[in-house]
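# Structural features, examined
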Amino acid sequence: MQTRVRTLIALVLAFILALTSLSAITERVRDPGVTDTEIRIGNVMPYSGSLQVFGAIGKAEAAYFEMINERGGINGRKVRFISYDDKSDPSTALSLTRDLIEKDDVLLMFGSFGTPGNFAVRAYMNEKQIPQLFVASGDDHLSDPSLFPWTMGWQPSIREEGRIYANYIQAFYPGKRIVALWQNDHFGRELFKGLEDGLGDVARMIRVDIAYDIADQHLDTHISILKRSGAEIFVFAGVPANAAKAVRIAADLNWHPVFILNHMASSIATAQPTDNALSAITAAFLKDANDPAWKDEQASKDWQAFVEKYNRAGGKDDNAAVFGYAAAETLAQVLKQCGDDLSRENVMKQAAALKDYQSSMLLPGIKISTGPGNFRPIKHLRLIQFDGRTWQPIGEVLETAFANAQK
């Protein structure tokens, strides 16, 4: 009898030990940043400093997740979006990212802004095998799964945007003289390099190009120099406020070239203050929130209701806010696809398994598709032209893949 009791006790203890071990294993396989009720997401943004205009991206993302949480979250979990100000400083971006991973225990980093900052954290994120997802940079090197399988871009290539402008110029204005005013940073250099690459042997038609600092107080002098070149085409690459100044200064100088503005500087509300902007060209992938062409669409009505309710999301005319909203929609789709498997490995697997997904604020015909070797979710742009009231499409949707381009 005593033997049976001892055996029974031993079996019970073994069962309890097995349950305890199983519980411990279950706890170990659950990645940081996830509980039964919450998903923690990390982000860094320039909420102050020279690029603070793009802080609207982070504000819109925060507001989007607030809206999602009010609707019950994603698969029953609320999203806790933790976003810090890196002031566009790469060393600060790295320090804050480490804090988000090691102190705030976020599951992943999402949508952090800027090429230098994302380069600064890329090695750390890949060494730790933590998703660095949908970075807010159009640099091709931030979408290379063969070298950095935990880093994925979102927007089209900046260099390919420049190539598209080059192709447009050659098709519609062959032999015309070109000038360029570009922001003296990684973004401006990449777009200008794409312009040169796309022009190829006719890059000699770029009569003058000027690199300017974002806080430059002498844009009028630069534009006066550009005008004296006699150019018919003016390519601008920079922030929205400086795009508006460039358009206005050219008008004041009675100079009326064909303006080509980079997409993020082409908002109707912020960069089209004069008639000199009539016929301005850009290559877009997102809808302009202030374009009356979309006012009757449900997606546009939803956007207007969103910014009116969550006014900290940024101005309803702000391309940066639309960017953040659309990027957050894409992350929400990935998290929905994850179901209850919110391991970091599955997050990356689902991010690389998007099939013709279309965010509500993407232009018609532009969809998001990814794969194990395809870490550039948005690979198309559309040339559009301002007619004084709305953006009119020029031709078909263009794939951002040209000669010498990274496929």
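Preceding this paragraph is the structure being described.
Please read all numbers here as calculations on a predicted model, not as lab measurements.

Let us look at the overall build of the protein chain. For the protein chain, the count of helices and strands is 12 helices and 12 strands. In the protein chain, which comprises 407 residues, the share counted as buried stands at 53%. Across the protein chain, contacts joining residues at least 24 apart in sequence account for 67% of those joining residues at least 6 apart. Element-wise, carbon and sulfur atoms account for 52% of the exposed surface of the protein chain, whose accessible area totals about 17800 Å².

What follows is about helix H8 (residues 240-252). Spanning 13 residues, H8 covers 19 Å between terminal C-alpha atoms, matching the ideal 18 Å at 1.5 Å per step. Looking at H8, one finds that the buried residues are Pro-240, Asn-242, Ala-243, Ala-244, Ala-246, Val-247, Ile-249 and Ala-250. Just downstream of H8 lies Asn-254, where phi reads positive at about 55°.

The subject of this paragraph is unusual backbone geometry. For Asn-75, which is not a glycine, the phi torsion comes out positive at approximately 50°. Within the secondary structure, Asn-75 is located in the loop between helix H2 (55-70) and strand S2 (78-85). Taking relative accessible area as the criterion, Asn-75 reaches 39% and is therefore assigned partly exposed. Positive phi values are uncommon outside glycine, yet Phe-134 reaches one of about 50°. Locating Phe-134 in the fold gives a position in the loop between strand S4 (132-133) and helix H5 (158-172).

By the element assignment, Asp-31 lies in the loop between helix H1 (2-29) and strand S1 (38-45). Taking C-alpha positions, Asp-31 is 7.5 Å from Leu-342, a pair spaced 311 residues apart along the chain. Setting aside residues up to four positions removed in sequence, Asp-31 forms contacts with Leu-107, Ser-343 and Arg-344. Side-chain polar atoms of Asp-31 contact the backbone nitrogen of Arg-344, separated by 2.6 Å.

As a further point, take the sheet that holds S2. In spatial order, the strands read S2-S1-S3-S4; together these four strands make up an open sheet with parallel pairing. Two strands in the sheet have a free side with no partner beyond their single neighbour: S2 and S4. By the bridge criterion, eight bridges tie S1 to S2 in an arrangement that is parallel. Bridged to Glu-38 within S2 is Lys-78. H2 contacts S1, S2 and strand S3 (108-110) of the sheet and is inclined by roughly 165° relative to S2. The strands touched by helix H3 (residues 90-102) are S1, S2 and S3; relative to S1, the strand with the most contacts, the crossing angle is about 170°.

Right, let's get into the pairing of S1. Of all the eight residues making up S1, seven are buried; the element is thus mostly covered by neighbouring parts of the structure. Note that the unit made of S1, H2 and S2 has a crossover that is right-handed. Note: S1 against S3, two bridges, orientation parallel. Directly across from Gly-42, in S3, lies its bridge partner Met-109.

Looking now at the pattern of salt bridges. Enumeration according to the criterion identifies 15 salt bridges in this entry. With its nearest N and O atoms 3.8 Å apart, the salt bridge here joins Asp-197 to Lys-193. Here Asp-197 and its partner Lys-193 are both found in helix H6 (residues 186-199), four residues apart, which amounts to about one turn of the helix. Residues joined by salt bridges that share partners form a network here, namely Arg-159, Glu-160, Arg-163, Glu-190, Lys-193 and Asp-197.

What follows covers the packing of helix H11 (residues 319-338) against helix H12 (residues 344-351). Taken N-terminus to C-terminus, the directions of H11 and H12 make an angle of 120°; their axes are 9 Å apart at the nearest point. What the angle tells us is that H11 and H12 run oblique. The way H11 lies across H12 gives a crossing that is right-handed. Contacts between H11 and H12 involve Val-334, Gln-337 and Cys-338 on the former and, on the latter, Asn-346, Val-347, Gln-350 and Ala-351.

Attention now moves to the pairing of strand S10 (residues 380-386). Here S10 lies mainly inside the structure; five of its seven residues are buried. Across four bridges, the pairing between strand S9 (residues 281-284) and S10 is antiparallel. Bridge pairing links Thr-282 to Ile-384 in S10. Sheet topology places S10 next to strand S12 (residues 398-399); two bridges connect them, and they run antiparallel. Note that in S12 the partner of His-380 across the bridge is Glu-399. In this antiparallel pair of consecutive strands, S10 and strand S11 (residues 391-393), the connection spans four residues, and Gly-388 shows a positive phi of 100°.

At a minimum axis distance of 10 Å, the contact between helix H7 (residues 219-228) and H8 shows a crossing angle of 55°. Judged on the interaxial angle alone, H8 and H7 are oblique. By crossing handedness, the relation of H7 to H8 is classed as right-handed. Touching Leu-219, Asp-220 and Ile-223 of H7 are Asn-242, Lys-245, Ala-246, Ile-249 and Ala-250, all from H8. The residue inventory of the contact of H7 with H8, partitioned by class, reads five nonpolar, one polar and two charged.

Right, let's talk about the environment of Glu-196 for a bit. Assignment of secondary structure puts Glu-196 in helix H6. Between the C-alpha atom of Glu-196 and that of Tyr-165, which follows or precedes it by 31 residues, the distance is 9.9 Å. When sequence neighbours within four positions are dropped, the list of residues in contact with Glu-196 reads Ala-203 and Ile-206.

Definitions and limits used
Per chain, the residues get numbers from 1 upward, laid out in the order the sequence is written. Residue-level local features of this predicted model are given only where pLDDT is at least 70; pairs of side-chain atoms are given and counted only at 80 or more, and the full residue set underlies all totals for whole chains, interfaces and linings. For side-chain calculations, the full set of non-hydrogen atoms in the structure is used, while hydrogens and water are omitted. Elements are defined by DSSP. Helices are runs of H or I of four residues or more, strands are runs of E of two residues or more, and each kind is numbered from the N terminus. Each residue gets one of three labels from its accessible area relative to the maximum for its type: buried under 20%, exposed over 50%, partly exposed in between, using a 1.4 Å probe on protein chains only. Residue contacts are defined here by distance: any two heavy atoms, one from each residue, within 4.5 Å place the two residues in contact. To measure how exposed things are, a 1.4 Å probe is used in the Shrake-Rupley method; for residues, cover is taken only from the protein chains shown. Take the number of residues in a helix, subtract one, and multiply by 1.5 Å to get its expected span. What qualifies as a polar contact is a pair of N or O atoms within 3.5 Å, subject to a donor-acceptor requirement within protein and to the restriction that residues adjacent in sequence count only when both atoms come from side chains. For two strands to be treated as a pair, DSSP must find at least two bridges joining them. Between the N-to-C directions of two axes lies an angle of 0 to 180 degrees, each axis being a line fitted to C-alpha atoms and, for a helix, fitted only over the stretch in contact. If the strands point away from the viewer and the path from the first strand over the helix to the second runs clockwise, then the crossover is right-handed. Each reported salt bridge corresponds to a side-chain nitrogen of Lys or Arg within 4 Å of a carboxyl oxygen of Asp or Glu. When describing relative orientation, an angle under 35 degrees is termed roughly parallel and one over 145 degrees roughly antiparallel, while 65 to 115 degrees is termed roughly perpendicular and anything else oblique. Here is the rule for handedness: rotate from the far helix to the near one, and if that takes an anticlockwise turn smaller than a right angle the crossing is left-handed, while a clockwise turn gives right-handed. Three classes are used, and their members are as follows: Ala, Val, Leu, Ile, Met, Phe, Trp, Tyr, Cys and Pro are nonpolar, Asp, Glu, Lys and Arg are charged, and the others, Gly among them, are polar.

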